[in-house]
Amino acid sequence: MTGSQRIGIIHPGEMGISVAASAQKTGHEVYWASEGRSPQTRDRAAKCALRDAGTLASLCATCSVIVSVCPPDAADAVARQVLACGFAGLYLDANAISPQRAIDMGQKMTAAGVAFVDGGVIGGPAWTPGATRLYLSGTRAGEVAACFAGGPLATEVIGAEAGKASALKMCYAAYTKGTTALLAAVVATAERLGVRDNLYRQWDSDDADSAKRAEQRVRQAGAKAWRFVGEMDEISATFRSAGLPGEFHAVAAEIYRRLAPFKMGHGSAPFGDLLAALRDGDASVPLHLVYLQSGAVLLTKRQYSQWRDIAAEYGNYVASLGPWNVEDVVRFFEQDEGLEDSGWPFSRSQIMDFVKSDAMVLDSAYLRA
């Protein structure tokens, strides 16, 4: 593969847009599919002058290389959608998934005539040269590395077999993000037991400013926790497949699940609110989503044994979902409406305020009035 390529990015989120920019700087034409994406994603793509293919089908027909950068729980669905569009080029999965999932995905892609490369990104959005590295494995990994050679995203090929890059990503994140989850749980426990100030003094006596750094790590985790839940689940599965206990990272997933609603705070949420969410476990509140003929959407804490009970209560009933916890609700809206909450029936903050309140029903029609 030589010369300028047409490369499709799914999707240009905070990480994906930086990956796209590195491909552009290398001289490639980078495309995306705007159908169903949020205004924020559209603005992000416009600022980087990505070419809009409109639909996923058009993206797959236009591009010879597709790069998938999405939350780990969506990786398989994206791969299936690309295959369903008849794509027959080179596919890079650069998501935080377990090695076995990468291997399985690669086998399905290969059987369909698609060249598959496994990828794992270590670092934040790739705007600073050398600060973020994309590890690659697969028989055509070198071709993928060449797609980003002129940009700030560093690449390294570590093997010819799918699964190697994902394995490295899992082991690295198991330590960095796993220990942050442990730290968050320690601070929340100390707060509940009334010894947080004492713990901070002891930490600072061991290492100056370590308490301040600990709080900063927990704050930053709150802003990114929505992405880490699925990643911890993947790490748990990775450990189990290697014959090691996966329970630690399964619990880390629960820690991040409780912090997930703070995504839009960008690290600025009051620290006390983060600790309260960790201690109180707001994610355990059972919720139902109810869709009405009027177009209104309800979020309710009322408990029902079956959907017919909900239909009997609301004469203009259309459909309902649940019972779900708050993270399930947030994840559903992210997948159905896009990651940014501007197009949701309720914002993240409205959902969390409702969960913490004594109110039993949140009505989107009332909020829009």
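The rules behind each value
Residues numbered from 1 in each chain as written. Predicted model: local features only at pLDDT ≥ 70, side-chain atom pairs only at ≥ 80, totals over all residues. Heavy atoms only, no water. Helix = DSSP H or I, 4+ residues; strand = E, 2+ residues; numbered from the N terminus. Rg over C-alpha atoms; globule rule 2.2 N^0.38 Å. Buried < 20%, exposed > 50% of the residue type's maximum accessible area, 1.4 Å probe, protein only. Contact = heavy atoms within 4.5 Å. Patch = residues over 30% accessible without salt bridge, like charges linked within 9 Å, V, L, I, M, F, W, Y side chains within 5 Å. Areas by Shrake-Rupley, 256 points an atom, 1.4 Å probe, with all protein chains shown as cover. Salt bridge = Lys/Arg side-chain N within 4 Å of Asp/Glu carboxyl O. Phe/Tyr/Trp six-rings, centres within 6.5 Å; stacked < 30°, edge-to-face > 60°. Core = buried A, V, L, I, M, F, W, Y, C linked by side-chain atoms within 4.5 Å. Pairing = 2+ DSSP bridges. Right-handed = clockwise from strand over helix to strand, strands pointing away. Axes fitted to C-alpha atoms, helices over the stretch in contact; angles between N-to-C directions. Arc of directions from axis to C-beta.

*Asks:* Just to check I follow, could you spell out the overall build of the protein chain for this structure?
*Replies:* In terms of helices and strands, the protein chain carries 15 helices and 12 strands. Its C-alpha radius of gyration of 22 Å places the protein chain within 12% of the 21 Å reference for a compact globule of 369 residues. Counting only C-alpha atoms, the protein chain reaches 60 × 60 × 40 Å along its principal axes. By residue count, 49% of the 369 residues in the protein chain fall in the buried class. Put simply, 62% of the contacts in the protein chain that link residues at least 6 apart link residues at least 24 apart.

*Asks:* Just checking my understanding: could you explain a nonpolar patch on the surface for this structure?
*Replies:* On the surface, a cluster of nonpolar side chains totalling about 240 Å² of accessible area is made up of Leu 182, Val 186 and Phe 248. Within the secondary structure, Phe 248 sits in helix α10 (residues 247-259).

*Asks:* Sorry if this is basic, but what is going on with the pattern of salt bridges here?
*Replies:* The full count for this structure, using the stated rule, is 15 salt bridges. Across the pair Arg 302 and Glu 313 runs a salt bridge whose closest N-O atoms are separated by 2.8 Å. Taken as a pair, Arg 302 in the loop between β10 (297-300) and α12 (307-313) and Glu 313 in helix α12 lie far apart in primary sequence, 11 residues in all. Judged by its relative accessible area of 34%, Arg 302 is partly exposed. Residue classification places Glu 313 among the partly exposed positions, given a relative accessible area of 37%. One salt-bridge network, in which partners are shared between bridges, spans Asp 233, Glu 254, Arg 257 and Arg 258.

*Asks:* Would you mind going over the packing of aromatic side chains with me for this structure?
*Replies:* The geometry of an aromatic ring pair is captured by two quantities: the separation of the ring centres and the angle between the planes. Tallying each qualifying case throughout the model produces 8 aromatic pairs. Here Phe 228 and Tyr 256 contribute two aromatic rings whose centre-to-centre distance is 5.2 Å and whose plane-to-plane angle is 75°, an arrangement assigned as edge-to-face. Residue Phe 228 is located in helix α9 (residues 210-241), and its partner Tyr 256 is located in helix α10; the two are separated by 28 residues in the primary sequence. With relative accessibility at 1%, the residue Tyr 256 sits in the buried group. Geometrically, the ring pair formed by Phe 333 and Phe 346 is edge-to-face, given 6.4 Å between the ring centres and 65° between the ring planes. Of this pair, Phe 333 sits in helix α13 (residues 326-337) while Phe 346 sits in the loop between α13 and α14 (348-356), and the two are 13 residues apart along the sequence. Among the aromatic side chains, those forming a connected cluster through ring pairs are Trp 324, Phe 332, Phe 333, Trp 344 and Phe 346.

*Asks:* Looking at this structure, how should I read the nonpolar core?
*Replies:* Among soluble globular proteins, nonpolar side chains are generally buried collectively. The biggest cluster of nonpolar side chains holds 31 residues, and the ones touching the most others in it are Tyr 256, Phe 271 and Leu 278. Only α7 (164-192), α9, α10 and α11 (271-280) provide two or more residues apiece to this core. At 9 residues, the largest contribution of residues to this core is made by α9. Apart from residues lying up to four places away in sequence, Phe 271 is in contact with Val 187, Arg 196, Tyr 200, Glu 215, Val 218 and Arg 219. In this structure, Ile 7, Val 19, Ala 126 and Cys 147 belong to the second largest nonpolar core, which totals 30 residues.

*Asks:* Is there a simple way to think about the pairing of strand β2 (residues 29-32) in this case?
*Replies:* When a strand is regular, its side chains alternate between the sheet's two faces. Here strand β1 (residues 6-10) runs beside β2; their pairing, made up of 3 bridges, is parallel. Across the sheet, Gly 8 pairs through a bridge with Tyr 31, a residue of β2. Regarding topology, helix α1 (residues 14-25) serves as the crossover connection from β1 to the parallel β2, and that connection is right-handed. Relative to strand β3 (residues 51-52), β2 is paired through 2 bridges, and the arrangement is parallel. When the bridges of β3 are listed, Trp 32 appears paired with Asp 52.

*Asks:* Sorry, what's going on with the sheet that holds β1 here?
*Replies:* The strands that make up a sheet are held in pairs by hydrogen bonds between backbone atoms, and each pair lies either parallel or antiparallel. Spatially, β3-β2-β1-β4-β5-β6-β7-β8 is the arrangement adopted by the 8 strands of the open sheet, whose pairing is mixed. Looking along the sheet, the strands with just one partner apiece sit at the ends: β3 and β8 (154-159). Across the face of the sheet, helix α4 (residues 75-84) comes into contact with β1, β4 (65-68) and β5 (90-93) while running at roughly 170° to β5.

*Asks:* Help me understand α11 in this model?
*Replies:* Along an α-helix, a turn takes 3.6 residues, which lines up residues three or four apart on a common side. Among all positions of α11, only Phe 271, Leu 274, Leu 275, Ala 277 and Leu 278 are buried. For α11, the arc enclosing every buried residue in end-on projection is 160°, short of the 170-degree limit, so these residues lie on one face. Along its buried surface, α11 packs onto α7, α8 (196-206), α9 and α10.

*Asks:* Explanation requested: unusual backbone geometry in the structure shown.
*Replies:* Most peptide bonds take the trans configuration, and most residues that are not glycine carry a negative phi. Following Ile 10, the chain continues into His 11 via a peptide bond in cis, with omega recorded as 5°. Within the fold, His 11 resides in the loop between β1 and α1. Residue Pro 323 is reached from Gly 322 by a cis peptide bond, and omega for that bond is 5°. Tracing the chain through its elements places Pro 323 in strand β11 (residues 317-324). A positive phi angle, close to 55°, is found at Ala 49, a residue other than glycine. The exposed category is assigned to Ala 49, whose relative accessible area is 54%.

*Asks:* Even after reading the chapter, I still don't get the sheet that holds strand β12 (residues 361-363), so can you show me in this structure?
*Replies:* The 4 strands lie next to each other as β11-β9-β10-β12, forming an open sheet whose pairing is antiparallel. Two strands in the sheet have a free side with no partner beyond their single neighbour: β11 and β12. Taking the axes of each pair of neighbouring strands and ignoring which way they run, one obtains an average angle of 15° across the sheet. Across 5 bridges, the pairing between strand β9 (residues 287-292) and β11 is antiparallel. Across the sheet, the residue bridging to Leu 287 is Trp 324, located in β11. Sitting on the sheet, α13 touches β9, β10 and β11, and the angle it makes with β9 is about 40°.

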